[in-house]
Amino acid sequence: MEWMATATLSEFRNEPCADFSVPVNRQAMEAVLQKVRSQFGHEYQLRIAGDWIATGDKLISVNPSNPQEIVGLHHKATPELANRAVESAYAAFPQWSRTPAGERVRLVLEAARILRARKLEFDAWLVYEAGKTWVEAEADVAEAIDFCEYYAREMVRLSAPQPVVQLPGEHDEMIYIPLGVGVVIPPWNFPLAILAGMAAATLVTGNTAVIKPSSETPTVAAKFAEVLLDAGFPESCFTLLTGSGSAVGDVLVEHPKTRFIAFTGSRDVGLRINELAARHRPGQIWIKRVIAEMGGKDAIVVDANADVDKAVDGVLASAFGYQGQKCSACSRAIVDGKVYDQFVEKLSAKAKNIKVGPSDDPSNYMGPVISAGAQKTILQYIETGKREGRLAAGGDAAPEGGYFIPPTIIADVEPSARIFQEEIFGPVLAVTKARDFEHALALANDSQYGLTGAVFSNDPEHLRQAKESFHVGNLYFNRKCTGAMVGAHPFGGFNMSGTDSKAGGPDYLLLFLQAKSVAAKVG
Ligand code: NAP
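Anyway, here's the lowdown on the structure attached to this text. Keep in mind that what you see is a predicted model, and the values were worked out from it rather than measured. (Residues numbered from 1 in each chain as written. Predicted model: local features only at pLDDT ≥ 70, side-chain atom pairs only at ≥ 80, totals over all residues. Heavy atoms only, no water.)

### Focus: the overall build of the chain
Broken down by element type, the chain carries 15 helices and 21 strands. Taken along the three principal axes of its C-alpha coordinates, the chain extends 75 × 60 × 50 Å. Buried positions account for 58% of the 523 residues belonging to the chain. Long-range contacts, defined as pairs at least 24 residues apart, comprise 77% of the intrachain contacts of the chain with a sequence gap of at least 6. In the chain, the 51 positive side-chain charges and the 61 negative ones have mean positions that sit 2 Å from each other. (Helix = DSSP H or I, 4+ residues; strand = E, 2+ residues; numbered from the N terminus. Buried < 20%, exposed > 50% of the residue type's maximum accessible area, 1.4 Å probe, protein only. Contact = heavy atoms within 4.5 Å. Lys, Arg positive; Asp, Glu negative; His and termini not counted. Charge placed at Lys NZ, Arg CZ, Asp CG, Glu CD.)

### Regarding the pairing of strand S18 (residues 452-456)
By the criterion of burial, S18 is predominantly enclosed, with five of the five residues buried. Of the two faces of S18, both are covered, the one formed by Thr452, Ala454 and Phe456 as well as the one formed by Gly453 and Val455. Inspection of the sheet shows strand S12 (residues 298-302) paired to S18 by four bridges, in the parallel sense. Its bridge partner being in S18, Val301 is matched across the sheet by Val455. The pairing of S18 with strand S19 (residues 474-477) spans four bridges and is classified as parallel. Across the sheet, the residue bridging to Ala454 is Tyr476, located in S19. For the crossover from S18 across helix H15 (residues 460-469) to S19, the handedness is right-handed. (Pairing = 2+ DSSP bridges. Right-handed = clockwise from strand over helix to strand, strands pointing away.)

### Examining the packing of aromatic side chains
According to the stated counting rule, one finds eleven aromatic pairs in the structure shown. Aromatic pair Phe147 and Tyr151: ring centres 5.6 Å apart, planes at 15°, arrangement stacked. In this pair, Phe147 and Tyr151 both sit in helix H5 (residues 134-159), four residues apart, roughly one turn of the helix. Of the two residues examined, Phe147 and Tyr151, each falls in the buried class. A centroid spacing of 6.0 Å and a plane angle of 70° characterise the contact between Tyr150 and Tyr151, whose relative ring orientation is edge-to-face. What makes Tyr150 buried here is its relative accessible area of 10%. According to the relative accessible area criterion, Tyr151 is buried, its value standing at 0%. Pairwise contacts between aromatic rings join Phe12, Phe147, Tyr150, Tyr151, Phe260, Tyr508 and Phe512 into one cluster. Just above the ring of Phe238 sits the side chain of Arg47; from NZ or CZ to the centre is 4.2 Å. Between the NZ or CZ atom of Lys132 and the centre of the ring of Phe190, over which it lies, the distance is 3.8 Å. (Phe/Tyr/Trp six-rings, centres within 6.5 Å; stacked < 30°, edge-to-face > 60°. Lys NZ or Arg CZ within 6 Å of the ring centre and 35° of its normal.)

### With respect to empty space enclosed by the protein
Enumeration over the complete set of coordinates arrives at two cavities of 30 Å³ or more. Surrounding the largest cavity, 14 residues form its lining, Gly324, Lys326, Ala329, Ser331 and Phe425 being those nearest its centre. If you add up the space inside the second largest cavity, you get close to 40 Å³. Grouping the constituent residues of the lining of the second largest cavity by class yields seven nonpolar, three polar and one charged. (1 Å grid on protein atoms, 1.4 Å probe; cavity = no way out; pocket = protein on both sides within 12 Å on 5 of 7 lines; lining within 4 Å. Points joined across faces, edges and corners; volume = space filled by probe spheres on them. Nonpolar A, V, L, I, M, F, W, Y, C, P; charged D, E, K, R; others polar.)

### Considering the layout of surface pockets
Approximately 1100 Å³ is the volume found for the largest pocket. Trp188, Phe263, Gly265, Ser266 and Val269 are, among the 41 residues lining the largest pocket, the residues nearest its centre. Elements that contribute at least two residues to the lining of the largest pocket include exactly helix H8 (245-254), strand S10 (258-264), helix H9 (267-278) and helix H12 (372-388). The class makeup of the residues in the lining of the largest pocket is 19 nonpolar, 13 polar and nine charged.

Spelled out as structure tokens, the structure:
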């Protein structure tokens, strides 16, 4: 029983995050930031199975805190190379899928160990390429480690004998087997954690992977590919296909040998993938599976009897942490009329004190948004917001030099407003007044999305009501709505937020597997 070799793994524990207020941690991070900076401008080839490929057409990845700085140059894939990537992953599948589960688990645990050893270095790449503050970067790396550790243990569980009824005169079994070639498409906002999570789930279950990273954060992806190779994953079992999603995405999704797509990103790209994957292609002998984790328009409800100061802090952290660029970020605060004015006043005062600037300076609470394009879109939404409500904070000048936007609060927003309904993905919060708690819940549910939500209330009956009817995949009481922890808060949303999958939970790996029943006559 090869699964028994790994069955003695310790219980899963979340990776702790470094405390950068401790001088020794702070000095260590400063030294690593300098070291990583000295590697700026390096050129990275893409990699199909064991072949490194230079196409000459390069993607330029810049530091959003200072776009003059080139973080990395990455050769872009062509549609032909995308085809080749799927073909080679298909060719590698028979061997990788038969690699014992215990060995795959060992490799994923080794990847976790290497990530842990290189944690500060990954923090620094995230600071420079994704514009994360130190604290946010550290949380991203810790989550990547958690995904590897958690899915390794899950694979041990799923490769053990499954409990099926034994019929008289038979030996009955159910075993989980992999699916085939998985196309892994992560976003830029958790460029390590989400990429590592979807790739680890794909590989540990015995599938081969074509990883197409976001064009905003290809250097973090290239560094993660190094980790997989250093961990000992065979070169043929995964491909790192850097390049534009609009140029190669359809080819990867439509290829008849693609078996499933693990996607995290926006609603529109997710819907397109789902539609294209559903169409049968010549030579295709399966129905493709799509695991899609998409956008959000997450609300925090503040009840009349809530502790307003705690609610203000929870909303601030959820709305402006990583510049509001989390799918779980709070973009709507829905507040009972009895505490509304007090809440808006306190919230705006605190938001105005938030320090915005380059993310490598740890005194800044907020860094830049990811790109010039994102900055432009968010500023347009702020202009729309000024017409749709009352500007209570932000909306004015931000530090120059990077893609900075101050934390912006628009109060008195009606539910029909665009800024109440559309995902902005930046530091812009709409605040809306509710008549009572029931009205607040109805407003919170007035959305096509259903990802995260929170309620600040001291009324147990109201919390019960919210548990029953606040329709989100991740609901939190009396705390922020961001910061889901692997294992404790399986993550993923309802409705237009995706296919209801739960990353970091006990159901997740089943999405990457299929079950085979084997019954043998005995005696
Ligand atoms: P995005 O624009 O949808 O891009 C996501 C990924 O899809 C990128 O790698 C992108 O590549 C690729 N892509 C683009 N067009 C494609 C196509 N036609 N076919 C296949 N792939 C294609 O999203 P994003 O801006 O990176 O991320 C932000 C979004 O992700 C937000 O909506 C956020 O809510 C969502 N998100 C959801 C979760 C969740 O768990 N539900 C978690 C994080 C983020 P290029 O970069 O080359 O275009």
